[in-house]
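Now for the letters of each chain:
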Amino acid sequence: MTPTPHRTKPRPQGTNAHPLRFGYGTNGLADLRLDDALALLADLGYDGVGLTLDHMHLDPLARDVAARTRKVARRLDALGLGVTVETGARYVLDPRRKHGPSLLDPDPADRARRVDLLIRAVRIAADLGAHAVHCFSGVLPADPSQLANPAHLADPAAPAHPAATADPAEDSAWKRLAETLTPVLDAATHAGVPLAVEPEPGHLLATLADFHHLRRILGDPPALGLTLDIGHCQCLEPLPPADCVRAAAPWLRHVQIEDMRRGHHEHLPFGDGEIDFPPVLEALAATGYQALTVVELPRHSHAGPHFAAQSLPFLHRAARAIPAGAEGSTP
């Protein structure tokens, strides 16, 4: 199905004509029905939504998922909301293992379940007219022997990864990740929807350098893009968040945003962490990035409507500090 473009909303009075489009993640509105969450975000003035596929919000494993997807697509269009599909639901595949199984799972059948979920997400994203499908690598198995003998996919001519690697287990993990992602990238290529991999603290692919390592292993496929989480940049990247945005620009397909403190992977409401947001938004605007910048507060669902209402005015105030001429230029 050809993706249906969503209407663009007029910007609230008093904001600059910057190109940034803000959304809110449904994983931060888990106590609301999906239709209620979408209506709330539209009423608050958001441009779109980061839709986490989960049992309560467009279950990707439901037998009637195609019909449900068509209904959600109509609703998004009626509300004028753009969408990015996110796949970070905690227990959608396994009720006992958070984010399990992963792309690095020791059991090939379990890895195949994650691959199937991501391919389903690609199809759903295409039917919704989504900007991208987000995913992440998963953590290394506790037992290194469980990583033995994956298919050899590494390019011997590729530049070395900064953290690489006299560790055979880590080398095997990267090869396994590339192997399991390959059919997902094939599906993304066929659907015309980019796959946006997120560097996640504590995962095998944790940093921007790790993303580039994976990109080189896979041969730089056009369908492989990046999800940049601004808080994660503050948490562990060597560069400041605004510099991370500039460095990531050519591969940027999805952006998540929240506050955070250095060295602490805790998603915080805006103003509760250490990030200086106007330079970050200025850098993002200067890249010409056109997709959604989605507020990511999954552990604040207990007060999701409150934080959704507070977050957008904060972002608009920060965006008003973007100097004239910053928008749409190239880094």
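Definitions and limits used
All residue numbers refer to position in the chain's written sequence, counted from 1. pLDDT decides what is reported in this predicted model: residues at 70 or higher carry local features, side-chain atom pairs at 80 or more are listed and counted, and totals for whole chains, interfaces and linings draw on all residues regardless. The side-chain figures draw on all heavy atoms in the structure; neither hydrogens nor water molecules are used. For the purposes of this entry, the term helix denotes a DSSP run of H or I that reaches at least four residues, the term strand denotes a run of E that reaches at least two, and both are numbered from the N terminus. A 1.4 Å probe rolled over the protein chains alone gives each residue an accessible area, and that area as a share of the maximum for its type sets the label: buried under 20%, exposed over 50%, partly exposed in between. For the charge count, each Lys or Arg is scored as positive and each Asp or Glu as negative, with His and the chain ends excluded. Note on definitions: salt bridges are taken to be side-chain nitrogens of Lys or Arg within 4 Å of carboxyl oxygens of Asp or Glu. Between N or O atoms, a polar contact is any pair within 3.5 Å; within protein, one atom must be a potential hydrogen donor and the other a potential acceptor, and residues adjacent in sequence are included only when both atoms are from side chains. Pairing between two strands is assigned when DSSP locates at least 2 bridges connecting them. Using only the protein atoms, space was sampled on a 1 Å grid; points where a 1.4 Å probe fits but cannot get out form cavities, open sets with protein on both sides within 12 Å along at least five of seven lines form pockets, and lining residues are those with an atom within 4 Å of a point. Grid points are joined across faces, edges and corners, and a volume is the space filled by probe spheres set on the points. Side-chain classes follow a simple rule in which Ala, Val, Leu, Ile, Met, Phe, Trp, Tyr, Cys and Pro form the nonpolar group, Asp, Glu, Lys and Arg form the charged group, and the remainder, Gly included, forms the polar group. Axis angles are defined between N-to-C directions and span 0 to 180 degrees, where every axis is a line fitted to C-alpha atoms and, for a helix, only to the segment in contact. Throughout this description, any angle smaller than 35 degrees is read as roughly parallel, any larger than 145 degrees as roughly antiparallel, any in the 65 to 115 degree range as roughly perpendicular, and the remainder as oblique. Crossing handedness is read from the near helix: turned anticlockwise from the far helix by less than a right angle, it gives a left-handed crossing, and turned clockwise, a right-handed one. A contact between two residues is defined here by any heavy atoms of the two lying within 4.5 Å.

## Some details on the side chain of R21
Examined against the element boundaries, R21 turns out to sit in strand β1 (residues 21-25). With no salt bridge to any partner, buried R21 finds its closest opposite charge in D47, at an N-O distance of 5.0 Å. A polar atom in the side chain of R21 sits 3.3 Å from the side chain of H131.

## What about the pairing of strand β10 (residues 292-295)?
With burial as the criterion, each face of β10 is covered, one bearing L292 and V294 and the other bearing T293 and V295. Sheet topology note: the β1/β10 ladder contains four bridges and is parallel. From the neighbouring strand, G23 faces β10, where its bridge partner is V294. Pairing between strand β7 (residues 252-257) and β10: three bridges, direction parallel. Within β10, the position partnered with Q256 by the bridge is V294.

## Some thoughts on the pattern of salt bridges
For the structure shown, the criterion picks out 10 salt bridges. D35 is the partner of R75 in a salt bridge, and the nearest nitrogen-oxygen pair spans 2.7 Å. Here D35 lies in helix α1 (residues 34-44) and R75 lies in helix α2 (residues 65-79), a separation of 40 residues in the sequence. Accessibility expressed as a relative area gives 28% for R75, which makes it partly exposed. Measuring nitrogen to oxygen at the nearest pair gives 3.0 Å for the salt bridge that ties D94 to R97. When its relative accessible area of 13% is taken as the criterion, D94 is described as buried.

## Details of the layout of surface pockets
Counted as a void, the largest pocket has a volume near 700 Å³. Around the largest pocket, the lining is made up of 32 residues, and of these G88, R90, K98, H99 and P298 lie nearest the centre. Sorting elements by how many residues they give to the lining of the largest pocket places strand β9 (residues 264-268) first, with three residues. Of the residues contributing to the lining of the largest pocket, the split by class is eight nonpolar, 14 polar and 10 charged.

## Some words on the packing of helix α3 (residues 108-128) against helix α4 (residues 168-191)
Two packed helices can be described by the angle between their axes and the distance between those axes. One can describe the packing of α3 onto α4 by two numbers: an axis separation of 9 Å at closest approach and a directional angle of 20°. On the basis of the axis angle, α3 is roughly parallel to α4. With respect to the hand of their crossing, α3 and α4 are arranged in right-handed fashion. Packed against α3, whose contacting residues are R111, V115, L118, I119, V122 and A126, the element α4 presents R176, T180, L181, P183, V184, A187, A188 and A191 at the interface. Its residues placed into classes, the contact of α3 with α4 shows 11 nonpolar, one polar and two charged.

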